[in-house]
Amino acid sequence: MHPAARILLYLISALALPGLSFFGLSLLAMITLLALRGRLVPALRLSWKARWLFLILLLGYAYNLPGQALAPGLGALSPSLPGIRAGVLQMFRLLLLLWLLHGLVISLGNARLISGLYVIFNGFRPFGFPAERAAVRVGLTLQAMEEARLVAPKTLRDALCLPQGSDLGGATVLPVERIPWRWRDTLMLVAATLSSIGLWFA
């Protein structure tokens, strides 16, 4: 699949997720797990990094939605059952969104990601959007982030004391793969778009 098609498919999936029922989310999760069977460990590692966001989601819904208390003896300190159900559902959506992000976008690698973004940015060229400049900036940012991660200063003070001329993004040439757009890429995006529209208006 073309990198641009994968990025657009992720964006469409992100818009469609709120319209999916728990059964639909479970079905999509199983399909995603099968697709990630060779890269499951990195996907789970990405999910673990978002563990505090999962907790905040659960507590936020559990203590803000009214309804039957989970533990009536605790009074106002008890979370609500509807809030817990809604919180678990939102956690499930976020988990699936992270898996899709890893499978469709992160696994592309920087070169293919820049290639996909460049194709998408080109669609806004008639409105005066600088496609090349935006793609180069994204690429340089990704490269600098990757090299900064490898340097990995141990403390905040170490990070702030990095010299201005640190070699965090010295390369001036960005490798970009030229990948032909195929008819099945268009077919996939049309099917995903129609499915999303059906979910929202069903």
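Here the residue numbering is sequential within each chain, running from 1 through the sequence in written order. Local features in this predicted model are restricted to residues of pLDDT 70 or higher, and side-chain atom pairs are both shown and tallied only at a pLDDT of 80 or more, whereas totals for entire chains, interfaces and linings draw on every residue. Side-chain calculation: all heavy atoms of the structure are included, whereas hydrogens and water are not.

Points about the packing of aromatic side chains
Any two rings among Phe, Tyr and Trp, with Trp reduced to its six-membered ring, count as a pair given centres within 6.5 Å; such a pair is stacked if its planes are under 30 degrees apart, edge-to-face if over 60, and tilted if neither. All chains considered together, the criterion is met by three aromatic pairs. Between Phe22 and Phe92 the ring centres are 5.4 Å apart and the planes differ by 50°, which places this aromatic pair in the tilted class. Of this pair, Phe22 sits in helix H2 (residues 22–35) while Phe92 sits in helix H5 (residues 81–104); the two residues are 70 residues apart in sequence, bridging distant segments of the chain. In this scheme, a residue with accessible area under 20% of its type's maximum is buried, one over 50% is exposed, and one in between is partly exposed, where area comes from a 1.4 Å probe on protein chains only. Here Phe92 falls in the buried class, since its relative accessible area comes to 17%. Three or more aromatic residues joined by ring pairs make a cluster, and in this case those are Phe121, Phe124 and Phe129. Only DSSP runs of H or I covering at least 4 residues are called helices, and only runs of E covering at least 2 are called strands; the numbering of each starts at the N terminus.

Structural notes on the confidence of the model for the chain
pLDDT expresses, on a scale from 0 to 100, how confident the predictor is about each individual residue. Per-chain confidence: the chain averages 80 in pLDDT, with 82% of residues scoring 70 or above. Within the chain, helix H8 (residues 156–160) has the poorest average pLDDT of any element, 49, and helix H4 (residues 51–64) the best, 92.

Looking at the packing of helix H3 (residues 40–49) against H5
Axis geometry follows a simple rule: fit a line to the C-alpha atoms, using only the stretch in contact for helices, then measure angles between N-to-C directions, giving values from 0 to 180 degrees. Axis separation between H3 and H5 bottoms out at 9 Å; the angle between their running directions is 135°. With respect to each other, H3 and H5 are oriented oblique. Of the two elements, H3 crosses H5, and the hand of that crossing is right-handed. Where H3 abuts H5, its residues Pro42, Ala43, Leu44, Leu46 and Ser47 lie against Leu95, Leu98, Trp99 and His102. By residue class, the composition of the contact of H3 with H5 is seven nonpolar, two polar and no charged. Note on terminology: angles under 35 degrees are roughly parallel, angles over 145 are roughly antiparallel, angles of 65 to 115 are roughly perpendicular, and the others are oblique. For a crossing to be left-handed, the near helix must be turned anticlockwise from the far one by less than a right angle; the clockwise case is right-handed. The contact criterion used is simple: two residues touch if any of their non-hydrogen atoms lie within 4.5 Å. Charged means Asp, Glu, Lys or Arg here, nonpolar means Ala, Val, Leu, Ile, Met, Phe, Trp, Tyr, Cys or Pro, and polar covers whatever is left, Gly included.

Focus on the environment of Ile114
Along the polypeptide, Ile114 turns up in helix H6 (residues 110–122). Relative accessible area serves as the criterion here: at 6%, Ile114 is assigned to the buried category. It is 9.7 Å that separates the C-alpha atoms of Ile114 and Arg137, two residues lying 23 residues apart in sequence.

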